[in-house]
Amino acid sequence: MARPAIEDQIAIPAGGPSIQPLVLRDLCFSAGGRVLLDRINLVLAAGVRTVMLGPNGAGKSLLLRICHGLISPSSGTVEWMGPGAREARVRQAMVFQRPMLLRRSVFANVDYALAVRRLPKALRTSRAWTALEVTGLAGLAERPAGVLSGGEQQRVALARAWALNPEVLFLDEPTANLDPAATRAVEEAIAGIALGGTKIVMTTHDLGQARRLAEEIVFLHGGRLVERRPAAEFFAEPEHDAARAFLHGELLW
Amino acid sequence: MREMSQAFASAVDLVARADPELIEIVQLSLQVSVSAVSIAALIGIPAGAALAVFRFPGRRGLVVTVNAMMGLPPVVVGLCVYLLLSRSGPLGGWGILFTAPAMIVAQTILIAPIVTALSRAVIEDLWLELSEQLRSLGVGTARAVLTLIREARYRLLTAVLAGFGRAIAEVGAVLIVGGNIAHHTRVMTTAIALETSKGNLALALGLGVILIAVSLLVNALVYLTSGIARRYSGA
C-alpha cells in the first residue's frame, strides 16, 4: 500500500461546534440490588485532562461507560450540552483496558473504524496513515494486529481512536496490563492526543500515572463522587479522609 | 480378527485397482456431503450469528431447540424428507425422491442445526468480548454480525467440519431418501450397509477403512489450508 506524502494528506477536519460540556445530574446506577453509583453530579468541560481516580470497585469504569453512552444509568441524566450535542455519538471515542483489536492488519484495524463512519476510501487511507505515524506505528502497519506486543496493541487501539478525530476520548485503565516501558509509550501517545485539543477523560488506579497525566482529579469511592479538584491541589492536600488514605496507599474499598 | 486383515487387504486392493465402482461411490459421497455442508454453512453461519447477536422474545427457547436438533436421528430426518418428497407428498412434484438432490436435502436438514448451534456458541463468545468496542465505534447490529463472522472464521471452520463429519458418516437419511441404487444413489455408507447384509464383511470393512481415510483427508486438507491462511493473517 502506497503511503501518501505528508503534504498530500488532507487536514483532519476540526469537526463542527463543540459537544461539550457533558453534564451528569443525580446519576445513579444499581444492579442486583446494589447501588454502584450514587447520585453523581458532575460537569466535564473542554480543555483539561480529567482523571477519575479511586480504588477497585469505586465505580470508575462504570461511570466512564455511562459517560460514553455504552450503559444507561438507572436514574438521573447524562447529557451533552454543547451546541454540537446532536453529533455527540460520533464525536467521542473510547479505549478500553484491553486493546480489542480485530484479526486483521494494524492498518486495517484503523481503517475499519473509519469505514464504520462512512468516510470515503481515499480519506480513510490518509487518515489511517497519519494516525499510525502519530503513534509511531507506521512501520507495523502491514503486520497482523494479533502478533504485536501488548503495548503495541494498545497503541493501535489509541491510533484507531485518534483517527476518528474525537472531541472527547475516554480511556478505561489503558495501561493496566502493560509493563513500565509500554505504559510510558501509551502515556506519551495520550499526552500527544490531548495536545491536539482532544478532551481526555480516563480512569486509573495508578497514582503515578494520575500525577503524570491529570490536570483535574475526580475521586470516586464506594460509588460516590468524593472530591473533584485540580490535580496539583488534590495531590498536595486532599480534602477527604478517603482520598488521603488512598494517596497514602492504604487500601480502601 | 481375520476380517480385519482381510478388510485392509480388500481396501488396499480396491484403491490399488482404482476400482471404477469404488471411485463412483466415493465421488457421489463427497458430492452429496460437500453440497449439503455448503448449503448448511450458508444457512447456519448467518443464522447462528444472528442468534448470538440479536435479542428477541423466544430467543432462549430457539437456542435450546437448535442445540437439541444437533442430535436429530438421521432415520427420522430421512423419513420426514421421504414423506415430503414422495409422489403424494407436498413436494412430490419436484420428482427428486431416490436421487442425489434428495440426499442433499436430507443431509442439509440433518447438519444445518449443528452448524447453526456451534456458530452461535462461537460468535456469542466473541460478541461478549467485542460488543463494547464495536458499539463504541458506532457499529450497527447488521455490520457487527458480518464483522463477527469474519473474526470467527477459523473457529467457524470447525463447526463446518463437524457438520461434514456427520454428513459423510450418516447412513439412515441417505438410505431412506436415496434408496441405495447402484450407479445412482449408492454412497459409501449405504454400500457398507449393503455389503454387510450380503455377508461380504471384508469388503464392507474395506469400504469403511476408505470412508475413514477420505474423512481424514478432507479434515487434514482444511486444517492445512486454514493453518497457512491463519499464519498470514496472524489470527
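Cut-off values and rules
- Residues numbered from 1 in each chain as written.
- Chains lettered and ligands numbered in written order.
- Predicted model: local features only at pLDDT ≥ 70, side-chain atom pairs only at ≥ 80, totals over all residues.
- Helix = DSSP H or I, 4+ residues; strand = E, 2+ residues; numbered from the N terminus.
- Buried ≥ 20, exposed ≤ 12 C-beta atoms within 10 Å, placed from the backbone.
- Contact = placed C-beta atoms within 7 Å.
- Rg over C-alpha atoms; globule rule 2.2 N^0.38 Å.
- Pairing = 2+ DSSP bridges.
- Axes fitted to C-alpha atoms, helices over the stretch in contact; angles between N-to-C directions.
- Parallel < 35°, antiparallel > 145°, perpendicular 65-115°, else oblique.
- Left-handed = near helix turned anticlockwise from the far one by under 90°.
- Nonpolar A, V, L, I, M, F, W, Y, C, P; charged D, E, K, R; others polar.
- Core = buried A, V, L, I, M, F, W, Y, C linked by C-beta atoms within 7 Å.
- Expected span 1.5 Å × (residues − 1).
- pLDDT = per-residue confidence, 0-100.

Participant: Quick rundown of the overall build of chain B? Include the residues and the values.
Facilitator: Within chain B, the regular secondary structure consists of 10 helices and 0 strands. Seen through its principal axes, chain B has C-alpha atoms that stretch 65 × 50 × 30 Å. Split into buried and exposed, the 235 residues of chain B put 39% on the buried side. At a minimum sequence separation of 6, the contacts of chain B that also span at least 24 residues come to 79%.

Participant: Lay out the overall build of chain A with the relevant residues and their values.
Facilitator: Summing up its helical and strand segments, chain A has 8 helices and 9 strands in all. A compact globule built from 253 residues should have a C-alpha radius of gyration of about 18 Å, and chain A, at 18 Å, falls within 12% of that. Across the 253 residues in chain A, those meeting the buried criterion constitute 45%. A separation of at least 24 residues holds for 70% of the contacts in chain A among residues at least 6 apart in sequence.

Participant: How would you summarise the sheet that holds strand E9 (residues 224-230) of chain A if you had to cite specific residues and measurements?
Facilitator: Residues and elements named next belong to chain A. Reading across the sheet, the 6 strands line up as E5-E6-E7-E3-E8-E9 and stay open at both edges, with mixed pairing between neighbours. Taken across any chain shown, the strands that pair with only one partner, and hence form the sheet edges, are strand E5 (92-95) and E9. Geometrically, the sheet is characterised by an average inter-axis angle of 15 degrees between neighbouring strands, direction not taken into account. Sheet topology note: the strand E3 (residues 50-53)/strand E7 (residues 199-204) ladder contains 4 bridges and is parallel. Note on E7: the bridge partner recorded for Leu53 is Thr204.

Participant: With reference to specific residues and values, describe the sheet that holds strand E1 (residues 22-31) of chain A.
Facilitator: Residue and element names in this part refer to chain A. The strand order across the open sheet built from 3 strands is E2-E1-E4, with neighbouring strands paired in antiparallel fashion. The sheet is open, and its two edges are formed by strand E2 (34-44) and strand E4 (75-80), each paired on a single side. Strand-to-strand twist in this sheet, taken as the mean axis angle between neighbours without regard to direction, amounts to 20 degrees. Where E1 and E4 come together, 5 bridges link them in antiparallel fashion. Residue Leu22 lies in a different strand from E4, and its bridge partner there is Trp80.

Participant: Got a sec to walk through the packing of helix H2 (residues 106-116) of chain A against helix H3 (residues 121-134) of chain A? Specific residues and values, please.
Facilitator: All names here are of chain A. Between H2 and H3, whose axes approach to 9 Å, the crossing angle comes to 125 degrees. Taken together, the axes of H2 and H3 are oblique relative to one another. Judged by the twist between their axes, the crossing of H2 over H3 is right-handed. For the pair formed by H2 and H3, the contact residues are Val106, Phe107, Val110, Asp111, Leu114 and Ala115 on the first element and Arg124, Arg127, Ala128, Ala131 and Leu132 on the second.

Participant: Talk me through unusual backbone geometry; I want residue IDs and the actual numbers.
Facilitator: All names here are of chain A. For the peptide bond that leads from Gln20 to Pro21, omega is 10 degrees, which places it in the cis range. Relative to the assigned elements, Pro21 resides in the segment before E1. Phi at Arg118 takes a positive value of approximately 60 degrees, unusual for a residue other than glycine. Take Arg118: it is sitting in the loop between H2 and H3.

Participant: For the packing of helix H2 (residues 20-53) of chain B against helix H6 (residues 141-151) of chain B, give the residues involved together with the corresponding values.
Facilitator: Residue and element names in this part refer to chain B. Axis separation between H2 and H6 bottoms out at 10 Å; the angle between their running directions is 125 degrees. When the interaxial angle is binned, H2 and H6 end up oblique. In this structure, H2 meets H6 at a crossing whose hand is right-handed. Residues Ile45, Ala49, Ala50 and Val53 of H2 lie in contact with H6, whose contacting residues are Thr141, Ala144, Val145, Leu148 and Ile149. Residues of the contact of H2 with H6, tallied by class, amount to 8 nonpolar, 1 polar and no charged.

Participant: Give me the interface of chain A and chain B: which residues, what numbers.
Facilitator: Taken together, the contact between chain A and chain B spans 18 residues of the former and 13 residues of the latter. Looking at the side of chain A that touches chain B residue by residue, the class counts come to 12 nonpolar, 2 polar and 4 charged.

Participant: Now, about the nonpolar core: what can you tell me, with residues and values included?
Facilitator: In terms of nonpolar packing, the biggest core is built from 134 residues, with Leu132 of chain A together with Ala106, Val115 and Val177 of chain B touching the most fellow members. Beyond its immediate chain neighbours, meaning those up to four positions away, Val115 of chain B contacts Ala40, Ala41, Gly44, Ile45, Gly48, Ala159, Val160 and Gly163 of chain B.

Participant: An account of helix H5 (residues 100-137) of chain B is needed here, citing residue identities and associated values.
Facilitator: Over its 38 residues, H5 of chain B runs only 47 Å from end to end, short of the ideal 56 Å by more than 12%, given 1.5 Å per residue. Within two residues after H5 of chain B, Gly138 of chain B carries a phi angle of roughly 90 degrees, on the positive side.

Participant: So, the environment of Gly61 of chain B: which residues are in play, and what are the values?
Facilitator: As for its placement among the helices and strands, Gly61 of chain B is situated in helix H3 (residues 59-69). In sequence terms Gly61 of chain B and Arg155 of chain B are 94 residues apart; their C-alpha atoms lie 25 Å from each other.

Participant: Let's hear about the confidence of the model for chain B: which residues, and what values?
Facilitator: Across chain B, pLDDT averages 92, with 98% of residues at or above 70. For this predicted complex, the interface score ipTM comes out at 0.88, while the overall pTM is 0.86.

Participant: Tell me about H2 of chain A, and please be specific about residues and values.
Facilitator: Buried residues dominate H2 of chain A, accounting for 8 of its 11 residues. Along H2 of chain A, the positions that sit buried rather than exposed are Val106, Phe107, Asn109, Val110, Asp111, Tyr112, Ala113 and Leu114 of chain A. Tucked inside the fold, the buried residues of H2 of chain A contact H3 and helix H4 (150-163) of chain A together with H5 of chain B. Two residues or fewer past H2 of chain A, Arg118 of chain A is found with a positive phi of approximately 60 degrees.

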